[in-house]
Amino acid sequence: MIARWLSISERRSALLIGARRAGKTTLLKIRFPDLPYFTLDDYDLLTLARKDPKRLVRSIGPKGIIDEVQRVPDLLIAVKHGIDDGGQVVLMTGSSTLGLASRGVETLAGRIDMLECPTLCWGEEMGAPTHESLSMPPSPVQIAEAGRRLDAALRFGGFPEVVLAGGDSDRADVLRNYKSTYFARDLLLLSNIEQADALVALMAYLASATGSHLEASNAAREAGMSHPTARKYLNVLLASRLAFRLLGHQYGPAKRFARAAKYYFSDVGILEALGIQVSDGQRLEAFVVSELEKRRLLGRFRCDGLRYYKSAGGAEIDVVIDEPHLTTAIEIKSTRAPSGADLRGLRGFVGQEARKPRRGILLHLGEEAADVGGISVLPVAHLWRSL
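In this report, the structure presented in the accompanying data block is examined. (Residues numbered from 1 in each chain as written. Predicted model: local features only at pLDDT ≥ 70, side-chain atom pairs only at ≥ 80, totals over all residues. Heavy atoms only, no water.)

## Quick notes on the overall build of the protein
Okay, step 1: When helices and strands are tallied, the protein shows 14 helices and 14 strands.
Okay, step 2: In summary, the protein has a C-alpha radius of gyration of 21 Å against a globular reference of 21 Å for 387 residues, a match within 12%.
Okay, step 3: With the principal axes as the frame, the protein shows a C-alpha extent of 65 × 50 × 45 Å.
Okay, step 4: Considering the protein as a whole, with its 387 residues, one finds that 53% of them fall into the buried category.
Okay, step 5: Taking as baseline every contact in the protein between residues at least 6 positions apart, the subset at least 24 positions apart corresponds to 68%.
Okay, step 6: Taken as a whole, the protein presents about 17,400 Å² of accessible surface, with 48% of it coming from carbon and sulfur.
Okay, step 7: The average position of the 51 basic charges and that of the 45 acidic charges among the side chains of the protein differ by 4 Å. (Helix = DSSP H or I, 4+ residues; strand = E, 2+ residues; numbered from the N terminus. Rg over C-alpha atoms; globule rule 2.2 N^0.38 Å. Buried < 20%, exposed > 50% of the residue type's maximum accessible area, 1.4 Å probe, protein only. Contact = heavy atoms within 4.5 Å. Areas by Shrake-Rupley, 256 points an atom, 1.4 Å probe, with all protein chains shown as cover. Lys, Arg positive; Asp, Glu negative; His and termini not counted. Charge placed at Lys NZ, Arg CZ, Asp CG, Glu CD.)

## A look at the pattern of salt bridges
Okay, step 1: Within this structure, the stated rule accounts for 24 salt bridges.
Okay, step 2: A salt bridge links E68 to R20, with the nearest nitrogen and oxygen atoms 3.8 Å apart. With E68 in the loop between strand 3 (63-67) and helix 4 (75-86) and R20 in the loop between strand 1 (13-17) and helix 1 (24-31), this residue pair connects regions lying 48 residues apart in the sequence. In this pair, the class of E68 matches that of R20, namely buried. (Salt bridge = Lys/Arg side-chain N within 4 Å of Asp/Glu carboxyl O.)

## As for the environment of A220
Okay, step 1: If you trace the backbone, A220 turns up in helix 9 (residues 216-223).
Okay, step 2: Here A220 falls in the buried class, since its relative accessible area comes to 3%.
Okay, step 3: Excluding anything up to four places from it in sequence, A220 contacts M225, S226, H227 and A230.

## Remarks on the sheet that holds strand 1
Okay, step 1: Read from one edge to the other, the open sheet built from five strands follows the order 2-3-4-1-5, with strand pairing classed as parallel. The outermost strands of the open sheet, each flanked by one partner alone, are strand 2 (37-39) and strand 5 (112-116). For this sheet, the mean inter-axis angle between neighbouring strands, taken without regard to orientation, is 15°.
Okay, step 2: Sheet topology note: the strand 1/strand 4 (residues 89-94) ladder contains four bridges and is parallel. (Pairing = 2+ DSSP bridges. Axes fitted to C-alpha atoms, helices over the stretch in contact; angles between N-to-C directions.)

## Some thoughts on unusual backbone geometry
Okay, step 1: At R21, a residue that is not glycine, the phi angle is positive and equals roughly 75°.
Okay, step 2: Within the element layout of this structure, R21 appears in the loop between strand 1 and helix 1.
Okay, step 3: Of note, L134 is a non-glycine position whose phi angle comes to about 65°, a positive value.
Okay, step 4: Mapped onto the elements of the fold, L134 is located in the loop between strand 5 and helix 5 (140-156).
Okay, step 5: Since its relative accessible area comes to 3%, L134 is described here as buried.

## Description of the packing of helix 8 (residues 196-208) against helix 10 (residues 227-239)
Okay, step 1: Following both chains from N to C, one finds helix 8 and helix 10 inclined at 75°, their axes separated by 10 Å at the closest point. The angle between the axes of helix 8 and helix 10 places the two elements in the roughly perpendicular class. Within the contact between the two elements, helix 8 uses A198, L199, L202, M203 and L206 and helix 10 uses A230, Y233, L234 and L237.
Okay, step 2: Within the contact of helix 8 with helix 10, the residues separate by chemical class into nine nonpolar, no polar and no charged. (Parallel < 35°, antiparallel > 145°, perpendicular 65-115°, else oblique. Nonpolar A, V, L, I, M, F, W, Y, C, P; charged D, E, K, R; others polar.)

## Digging into the environment of N218
Okay, step 1: Inspection of the secondary structure assignment puts N218 in helix 9.
Okay, step 2: Separated by 139 residues in sequence, N218 and P357 place their C-alpha atoms 37 Å apart.

## A look at the sheet that holds strand 13 (residues 370-372)
Consider a sheet: its strands pair through backbone hydrogen bonds, and that pairing is either parallel or antiparallel.
Okay, step 1: Taken in spatial order, the nine strands of this open sheet run 6-8-7-9-10-11-12-14-13, and their pairing is mixed. The sheet is open, and its two edges are formed by strand 6 (213-214) and strand 13, each paired on a single side.
Okay, step 2: Relative to strand 14 (residues 375-379), strand 12 (residues 358-364) runs parallel, the two being bridged by five bridges. From the neighbouring strand, L362 faces strand 14, where its bridge partner is V377.
Okay, step 3: In this fold helix 10 packs onto strand 6, strand 7 (243-248) and strand 8 (261-265), with an angle of close to 105° to the strand it touches most, strand 7.

## Some remarks on helix 5
Okay, step 1: Taking 1.5 Å of rise per residue, 17 residues should cover 24 Å, and helix 5 covers 25 Å from first to last C-alpha, within 8% of that figure.
Okay, step 2: The largest bend in helix 5 is about 45°, located at R149.
Okay, step 3: G157, located one to two residues past helix 5, shows a positive phi value of around 75°. (Expected span 1.5 Å × (residues − 1). Bend = angle between axes of the 7 residues up to and from the residue.)

## Examining the pairing of strand 7
Okay, step 1: With five of six residues buried, strand 7 lies mostly within the body of the structure.
Okay, step 2: Summarising the sheet, strand 7 and strand 8 pair through four bridges and their orientation is antiparallel. Counted as the bridge partner of A243 is F265 from strand 8.
Okay, step 3: When strand 7 meets strand 9 (residues 307-310), the two strands line up parallel, connected through two bridges. If you follow L247 over to strand 9, its bridge partner there is R307.

## With respect to the packing of helix 5 against helix 13 (residues 280-297)
Helix packing geometry: the angle between the two helix axes and the distance between the axes.
Okay, step 1: Between helix 5 and helix 13, the least distance of the axes is 9 Å, while the angle of their chain directions is 85°. When the axis of helix 5 is compared with that of helix 13, the two are roughly perpendicular. Seen from helix 5, the contacting residues are L150, A153, L154 and R155; seen from helix 13, they are R283, L284 and F287.

## Comments concerning the nonpolar core
Okay, step 1: Ranked by size, the top nonpolar core spans 77 residues in total, and within it L237, F265, F287, V288, L292 and I330 carry the most contacts.
Okay, step 2: Take this core: its biggest share by element is nine residues, from helix 8.
Okay, step 3: With 23 residues, the next largest nonpolar core counts L15, L40, L45 and I112 among its residues. (Core = buried A, V, L, I, M, F, W, Y, C linked by side-chain atoms within 4.5 Å.)

Structure below.
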């Protein structure tokens, strides 16, 4: 049993969104063991939800859990009625936001907590977090322990079932099974799409393009599908929380959504599941960026999304965290001994005139932490057990 870091109030209704196998159901069952539990994976309950959603919501009583609500988006209208007229507290899970926005999520604004449940943060299975992410590093002993665990984390990621598996062979088997069941079957049912091979081809292209700017037209060409189909499938991956994107910090709010974004899988274990070979640098970047995104979803960073930065001269920053009172720039280097040249881009970004303070952080594979000319140099191992 893993004590998850996500906070959930028992006094308010909530919709918990996350990828399949991220641990949403287990989290609610462990946190609220006495509440009635209904899952729309059950055929009889699914049929009842479609025919008489109000009856299903009433049957859970004052408080209860409804799992996989994305299967019947209209159920949210009945939930709204139950909250407003009956004072019910309904805890719901969803493996995709497709269809939910148009069927009641917006009308539930203010009535429920919208929560994200990512896969496990690195070290979450060990217990409570021991320190704050991107702050002063933990003890050298903890850094050394994290270093011994890093290779497995880079390969297998943080799906709970994978983390709890007995050994590397078992973990690899679980992830391969995800490809044949979730990616090639469940995701198609969830998203009303028909071409499993095309979806897997698009995911393979996203893996190979880790760290690069991605245009939907290029993705369509490489995956062998039309441009509209590529955009649709990209949206499916985003809505199903299998992927997320970084928009360009250098653009204004309107242009960010029109320009090329960077796409990353929400968990680095998806690379292993797909059997895609990427460079060591790409895998490290995919791992660190996904770990930062998990912590953002859990409330560590006060921003709507992570961003990347590219200057007019072509200098790039891997991640920008733009919070109300601080902008943090992060570079990820696949080296144990970063050089002065590795800090150049961060120094340029931090040195620009800006409306609020900026700081620069370089994450590397070594064990040493230091302040180098105002830039924090931290080991990637610092992320272990941090929130």
